[in-house]
Amino acid sequence: MRTQWSLVRLSWRMRLTVLIGVLILHAVNAHAAEPILIRFSHVTSEATPKGHGALLFKKLAEERLAGKVRVEIYPRALKFNDVQALLALLFGDIELAAPSFAKFRSFSRQIQVFDLPFLFSDVDAVNRFQRGEAGVKLLDSMLSHGIKGLAYWNNGMRVMSANRPLRTPQDFKRLRFRIEPSAVMQAQYRALGAATVPMPFKQVREGLKMGLVTGQENAWSNIHSKGFHDFQTYFTEARHSFLGYMLVTNADFWTNLPAEIRGELDKIIQEVTVEVNKNAREKAKSDRQRVIDSKKAEVITLTDPELAEWRTLLTPIWKQFEAQIGIEIIEQAIQANQPR
Ligand code: LMR
């Protein structure tokens, strides 16, 4: 009788064990079948090359990796500004970000090369540099911090603005320029004679409106989408510097992706990059025209002697940053100005 009871108990225990096993297996399978979540945080509007690129990435990834990948986008700094986004990336709260080069300063001093005034003659020169040896290496320059660069995304040449025409260094006196957290930009405005106020992109419109800052510089798509021309009357095109981004991910997240998913995402990113950079060229023209058409602002082109004065004042900044960036990187950037 005792043996019978223990057999019954044993079979119940076995059944329970099997049941728990089945439930765990089910849970594991269900988990394994969950799509991989990729959260992409950025600070610009959807109407910019970067905003457009993020949406296209989501579309292509969810179409081509249907059921395997899900993409959430947080635009307009809805969750994080750029500096916060890099920390969120490291803490695993997001998987993709595309901050402008200036935001990487704490992780790579070399990336400052992109902000040196008058170093690159135009967007083509920047693209040649990015495709060259130094540009490719810079994508991996933050690996020791756990950040991997996946691609370069363009916006366009930066334009400076204020409520007075900026033609000569004397015009910068007593102005307060909003800058990105960039030592290069700080040196640039110091040389021009203006004060600087580092400020996250999200606050710039309000900063201009309230008069906390009285000048700023950015690419046309950012100026137009944020309506900076509602509060700034004169926009000077000195073609002194370029606004671009590095699309970055958490290096561990990327390495641990299943190889076929990583391969497909890589292909998608290459495709999206081509589109972003094409869109950037178009927006640089069309948003510039929209600002002019608004009749709220005037675009100023510098004469050759004016430009020469700016160059004489600003190019010594390269030397100031040479030790941090590396002379070879600066030399490769200079070489990239020659079309091959
Ligand atoms: C800025 O901070 O002004 C820009 O870098 C914003 C952006 O991402 O284009």
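Residues numbered from 1 in each chain as written. Predicted model: local features only at pLDDT ≥ 70, side-chain atom pairs only at ≥ 80, totals over all residues. Heavy atoms only, no water.

Okay, the layout of surface pockets next. Approximately 450 Å³ is the volume found for the largest pocket. In terms of lining residues, the largest pocket is bounded by 24 residues, among which Val 123, Met 157, Glu 237, Arg 239 and Ala 284 are the most central. Mapped onto the lining of the largest pocket, the elements with two or more residues apiece are strand E4 (147–157), helix H10 (259–293) and helix H11 (304–314). Element by element, the count of residues in the lining of the largest pocket is highest for H10, at 6 residues. (1 Å grid on protein atoms, 1.4 Å probe; cavity = no way out; pocket = protein on both sides within 12 Å on 5 of 7 lines; lining within 4 Å. Points joined across faces, edges and corners; volume = space filled by probe spheres on them. Helix = DSSP H or I, 4+ residues; strand = E, 2+ residues; numbered from the N terminus.)

Around the ligand sit Val 43, Thr 44, Lys 50, Ser 100, Lys 103, Arg 178, Glu 180, Phe 201, Asn 218, Asn 222, Leu 243 and Tyr 245, and that is every residue in its neighbourhood. One nitrogen or oxygen atom from the side chain of Asn 218 is found 2.8 Å from an oxygen atom belonging to the ligand. One nitrogen or oxygen atom from the side chain of Asn 222 is found 2.8 Å from an oxygen atom belonging to the ligand. Bound to the protein, the ligand loses 100% of the 270 Å² it would expose on its own. Of the pockets mapped on this structure, the ligand occupies the largest cavity. Partitioned by chemical class, the residues of the shell around the ligand number 4 nonpolar, 4 polar and 4 charged. (Near = heavy atom within 4 Å. Polar contact = N/O pair within 3.5 Å; in protein donor to acceptor, adjacent residues only side chain to side chain. Areas by Shrake-Rupley, 256 points an atom, 1.4 Å probe, with all protein chains shown as cover. Sits in = over half its atoms within 2 Å of the grid points. Nonpolar A, V, L, I, M, F, W, Y, C, P; charged D, E, K, R; others polar.)

Aromatic ring pairs are described here by two measures, namely the spacing of the ring centres and the angle between the planes. Under the definition given, this model contains 13 aromatic pairs. Ring centres of Phe 40 and Trp 153 lie 6.1 Å apart, and the angle between their planes is 50 degrees; on these two criteria the pair is classed as tilted. Here the residue Phe 40 occupies a position in strand E1 (residues 36–41), and Trp 153 occupies one in strand E4, the gap between them amounting to 113 residues. Ring centres of Phe 201 and Phe 228 lie 6.2 Å apart, and the angle between their planes is 70 degrees; on these two criteria the pair is classed as edge-to-face. Of the two residues, Phe 201 sits in the loop between strand E7 (195–198) and helix H7 (204–210) while Phe 228 sits in the loop between helix H8 (220–226) and strand E9 (234–237), which places them 27 residues apart along the sequence. Judged by relative accessible area, which is 0%, Phe 228 ranks as buried. Each member of the aromatic cluster is reached from another via a ring pair, and the members are Phe 101, Phe 114, Phe 120, Phe 129 and Tyr 152. A cation sits over an aromatic face here: Lys 79 above Tyr 74, 4.5 Å from the ring centre. Lying across the ring of Phe 201, Lys 226 places its NZ or CZ 5.3 Å from the centre. (Phe/Tyr/Trp six-rings, centres within 6.5 Å; stacked < 30°, edge-to-face > 60°. Buried < 20%, exposed > 50% of the residue type's maximum accessible area, 1.4 Å probe, protein only. Lys NZ or Arg CZ within 6 Å of the ring centre and 35° of its normal.)

Taken in spatial order, the 5 strands line up as E2-E1-E3-E10-E4 in an open sheet, and their pairing is mixed. In this open sheet, the two edge strands, each paired with only one partner strand, are strand E2 (69–74) and E4. Of the strand pairs in this sheet, E1 and E2 are connected by 6 bridges, and their pairing is parallel. Note that in E2 the partner of Ile 38 across the bridge is Val 71. Sitting on the sheet, helix H4 (residues 123–131) is in contact with E4 and strand E10 (242–250), with an inclination near 165 degrees to E4. (Pairing = 2+ DSSP bridges. Contact = heavy atoms within 4.5 Å. Axes fitted to C-alpha atoms, helices over the stretch in contact; angles between N-to-C directions.)

Direction vectors running N to C along helix H6 (residues 183–192) and helix H12 (residues 317–325) enclose 160 degrees, while the axes themselves pass 10 Å from each other. Taken as axis vectors, H6 and H12 run roughly antiparallel relative to one another. With respect to the hand of their crossing, H6 and H12 are arranged in right-handed fashion. Counting all contacts with H6, which are made through Ala 183, Val 184, Ala 187 and Gln 188, the residues of H12 involved are Ile 317, Gln 320 and Phe 321. (Parallel < 35°, antiparallel > 145°, perpendicular 65-115°, else oblique. Left-handed = near helix turned anticlockwise from the far one by under 90°.)

This part covers empty space enclosed by the protein. This model, assessed by the stated rule, comprises 2 cavities of 30 Å³ or more. For the largest cavity, the calculated volume is near 80 Å³. Lining the largest cavity we find 13 residues, and of these Ser 100, Lys 103, Glu 180, Phe 201 and Asn 222 sit closest to its centre. In terms of residue class, the lining of the largest cavity is made up of 4 nonpolar, 4 polar and 5 charged. For the second largest cavity, the calculated volume is near 30 Å³. Asn 155, Gly 156, Met 157, Ala 219, Trp 220, Ser 221, Ala 280, Lys 283 and Ala 284 are the residues that line the second largest cavity. Looking at the lining of the second largest cavity, the elements that each hand over two or more residues are E4, H8 and H10. Looking at the lining of the second largest cavity residue by residue, the class counts come to 5 nonpolar, 3 polar and 1 charged.

Even without glycine at this site, Arg 76 takes up a positive phi of about 50 degrees. Note on Arg 76: relative accessible area 36%, which makes it partly exposed. In the Ramachandran plot, Phe 118 falls in the positive-phi region, its phi being about 65 degrees despite a non-glycine side chain. Within the secondary structure layout, Phe 118 lies in the loop between strand E3 (96–97) and H4.

Another point: H11. Among the residues making up H11, those that are buried are Glu 306, Trp 310 and Leu 314. The buried residues of H11 occupy one face: seen down the axis, they fall within an arc of 60 degrees. Opposite the buried face of H11, by more than 90 degrees, sit the exposed residues Asp 304, Pro 305 and Thr 312. Residues of H11 that are buried in the fold lie against strand E5 (159–162), H6, E9 and H12. (Arc of directions from axis to C-beta.)

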